[in-house]
Amino acid sequence: MLRVTPAREETVWRVEDSLLDLGAVRPLAFLARNAHRYSERWRRFGVLSGGSLLRVLLYATSPTLASRWLHVALRGMSRDRLEVLGAEYFETFLKPRLKRTGVEGLRRVMQQEGSVVLISQGLDVVVRPLARHLGVDRFIANRLEMRDQHATGRLLEPVVHSRGGIAGLASRDPYGRVSLEELSTNLGVEKETLRRSILSATEPRPQRKRPVVLSPGKREIERLSVRDSLAGRQVLLIGVTGFIGKVWLSHVLESLPEIGKIHLLIRSRRSTPVRRRFEQIVETSPLFHRLHAKHGAELPRFVADRIEVVEGDVSKPGLGIEPATLAALRRDVDVVINSSGLTDFNPDLRNALAANVDSTIHILDFIRSSDHAALLHLSTCFVAGDREGRVPEAMVRDYVPRSTAGFDAERERQQLEQRVQDARHWPPKEELVAELARPLAGAANAAAVLHGNGEAAGVRPERSGSRFGWMRKVLTEAGMHRALELGWPNAYAFTKSLGESQIERLGADLPVAVVRPSIVESSIEAPFPGWNEGINTSAPLSWLLGTTFRQLPANERKCLDVIPVDLVCRGMTLVAAALVERRHQRLYQMATSVSNPCNLGRVIELTSLAHRVHYREQKGYRAWWKARMDAIPVSKTRYERLSAPRYRKIIARIRRLLSPMPFRLRMLVRAERAVTRVAKLVEIYEPFILHNEHVFEAENVRVLSAALPSDERGAFAYEPENFDWRNYWINIHIPAVRRWCYPLIEGRQPQPGSRYSFRLPEPQRPTRGSGVGIEAIGTEA
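Here the structure is a predicted model, which is why all the values come from computation and not from measurement.

A.B. asks: I'm lost on unusual backbone geometry in this one. Help?
C.D. replies: Negative phi values dominate among residues other than glycine, just as trans dominates among peptide bonds. Cis geometry is adopted by the peptide bond preceding P158, which originates at E157 and carries an omega value of -5°. By the secondary structure assignment, P158 is in the loop between β5 (150-155) and α7 (163-167). P527 follows A526 through a cis peptide bond whose omega is 0°. Of note, P527 is situated in the loop between β15 (519-521) and α22 (539-545). One non-glycine residue with positive phi stands out, namely D148, at about 55°. Structurally, D148 can be placed in the loop between β4 (144-147) and β5. On the basis of relative accessibility, which here comes to 75%, the residue D148 falls in the exposed class. Its identity as a non-glycine residue notwithstanding, Q149 has a phi of 65°, on the positive side.

Structure representation (structure tokens):
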């Protein structure tokens, strides 16, 4: 923690008696009663109760030992839980009991002296929020020793005695003022030791400085200025309607106004032209509120000077762009950023191939036929599939996670296209029916997970209802079935990997950089803390942990690799600048499992604490109960024996017993549906929380970040090692998904924010005899 060494004699103010009647046992009892697991709560409370009795005897011989003995009950509690519970204890129990006369006396002394140091026998996690509330910036309190972010149960020096040691000084000053020398004598420590133990009321942000390591064969970039590299450059952005695409666009418009043109490739809809689709994004998305506030009525002109909207479809040859516009783009574009793709875990195979594989082939054709364009292709770290350990930043052609003799990605793509054609037959071919009905060893049937009744019975025509129902189900099942067979967790990662193999096959000699982010989540700073949308990342899992569901089958030592979306966009901007300068590497992974790891055990506890903070502010018994329903990581065996799978079987048996009855219990039907939904959700996320302990290397983008000039680091530096997980998860990420994502999971729309009027200026039509400009054609499309 940050320690402040003062240059003069400090004014010290005692908390006990003057400000609060703060005992030594009650705060510790609150912490013990709210430990993570139920069994842990009883055990800690029992240890504390026994310690309280023994403390009476110990205090007569050694007040320091008595204080140490009490805190043994907190051994093993995480710093995250202690900090959250300490703040809750202050807000709930101490704040309403502050003594007005003592507070007034403290403030008079602060006005006279300018600075005061609080001292208390309480733990720092309780005294810090008290100091912030009173406007005091420094304090002395008891501190627990921490190892791996968990308390050892040992107090660090100096130990502030329980009440008797400090309260004895009350005769000196009834308002709580005490000199540092008297305090030193009373506690039996040197004054310098007390000065070194002064803590800051503001919890410091972590500053982890990791050296950039250049592997053999890599060149160090002496200097990379994003502003110089991208000034006046033209970018073709594909996928602006997606989560990452929108955030990157707002990031560039705010941080890089020097850019030349950004051409937005948007697919038209029947009722909405592409130009209007973009205008609606700027009107309604909170991403652009800062731009509205900054530019006001001039925003349409500001945007029009930097953006052109182009109608097209990346899944079609020539990107589906009108020929004259396509020719102009081939001539003028410097960088193509492909952030498009189908991110559903289990999509229709037709859509997955078109969005994640065929579109990549078409973009590579565009790059090859262009004058000087480079490609930044967005993929995912989870193309690594079913493997363990470190995942290096290296592209592998025809990659497959499980050893498969003679695997060829192009042949695999063709076979998948053939399966799509086979699914069009009615009645379906017997071979295809037999293949999809056969469950894979160790993997649940995907159609049962997403569409069925929870039984791994396979997809059969007689259960599908119609030809079109058969096609939808069989194509969803076919992609998932093949992905699991080859070692990918779902069809999304499978088809993304096939797209990467196409890059290695068709673009080995082209200026291409593949960007693989891990799980992309809420923004940490820009465009504002806590922007998120969609439900295809970890939002459903955190939503589930906010219900009465407690036992999540998870490997608590496994790292859940999450990266904030604004850090991904900063990294993309760095890679785009490197591509323009032709200083790029082939692959850039953007992840936290090396630079700032956070394991699943901590993520589950942080999620429960974030829900506790939310429900603590709600009223009613249900909110009180949910605030104390902490989720815990358990083994797969315990989950199946004591959680959703067992509940589902019990409910099914009860329904069978009651089936002869002339009535149906609606509550029982609803309960069965809820439990089935939970089981399906856990099954979908099982590869990410129980298997495959990935550690994704991400040094290439850090090399680019280290090469930035100092005046550009604030806007473009990529430093995932410097954000604090507790603050991010509890104060930013979970509130963000609660606002933007949970309503979608629950079948309702997020609460709408401010809506602005936005219309791009009408493009000027080319004069007769002039050349056909991309501005005129692109915006009219």
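That was the structure; now back to the text.
A.B. asks: Teacher, can you tell me more about helix α11 (residues 243-255) here?
C.D. replies: One full turn of an α-helix is made of 3.6 residues, so residues set three or four places apart face in the same direction. Taking 1.5 Å per residue, 13 residues should reach 18 Å; α11 reaches 18 Å between its end C-alpha atoms and fits that length. Counted residue by residue, α11 has twelve buried out of 13 residues, so it is predominantly covered. Along α11, the positions that sit buried rather than exposed are F243, I244, G245, K246, V247, W248, L249, S250, H251, V252, L253 and S255.

A.B. asks: Teacher, can you tell me more about the environment of V226 here?
C.D. replies: In this fold, V226 is placed in helix α10 (residues 226-230). Distance from V226 to P709, taken between C-alpha atoms, is 9.0 Å for residues 483 residues apart in sequence. Sequence-distant contacts of V226, defined by excluding residues within four places in its chain, comprise A231, L256, T573, L574, A577, L708, E712 and F716.

A.B. asks: Is there a simple way to explain the pairing of strand β9 (residues 261-266) in this structure?
C.D. replies: Within a regular beta strand, the side chains point alternately toward one face of the sheet and then the other, so they alternate between its two faces. Among the six residues in β9, six count as buried, and that is most of the element. Here β9 shows two buried faces, one formed by K261, H263 and L265 and the other by I262, L264 and I266. Where the polypeptide runs from strand β8 (residues 234-238) across α11 and back to β9, its parallel neighbour, the crossover connection is right-handed. As defined by bridge partners, β9 adjoins strand β10 (residues 307-311) across five bridges and the pair is classed as parallel. Directly across from I262, in β10, lies its bridge partner I307.

A.B. asks: Just to check I follow, could you spell out the packing of helix α4 (residues 79-94) against helix α24 (residues 600-616) for this structure?
C.D. replies: In helix packing, the relevant descriptors are the interaxial angle and the interaxial distance, both defined with respect to the helix axes. Closest axis-to-axis distance for the α4/α24 pair is 10 Å, and the angle between their directions is 10°. In terms of orientation, α4 lies roughly parallel with respect to α24. On the side of α4, the interface is formed by D80, R81, V84, L85 and E88, while α24 contributes R602, E605, L606, L609, R612, V613 and R616.

A.B. asks: Can you help me understand the nonpolar core in this one?
C.D. replies: Residues L249, L264, F278, I307, L552, M572 and V575 are the most contacted members of the largest nonpolar core, which totals 122 residues. Here the element with the most residues in this core is helix α23 (residues 565-580); it accounts for twelve residues. If we skip the residues at most four places from it in the chain, M572 touches I244, W248, I337, L376, L378, V515 and M590. Residues F90, L106, L155 and V159 belong to the second largest nonpolar core, which totals 42 residues.

The rules behind these values
- Residues numbered from 1 in each chain as written.
- Predicted model: local features only at pLDDT ≥ 70, side-chain atom pairs only at ≥ 80, totals over all residues.
- Heavy atoms only, no water.
- Helix = DSSP H or I, 4+ residues; strand = E, 2+ residues; numbered from the N terminus.
- Buried < 20%, exposed > 50% of the residue type's maximum accessible area, 1.4 Å probe, protein only.
- Expected span 1.5 Å × (residues − 1).
- Contact = heavy atoms within 4.5 Å.
- Right-handed = clockwise from strand over helix to strand, strands pointing away.
- Pairing = 2+ DSSP bridges.
- Axes fitted to C-alpha atoms, helices over the stretch in contact; angles between N-to-C directions.
- Parallel < 35°, antiparallel > 145°, perpendicular 65-115°, else oblique.
- Core = buried A, V, L, I, M, F, W, Y, C linked by side-chain atoms within 4.5 Å.

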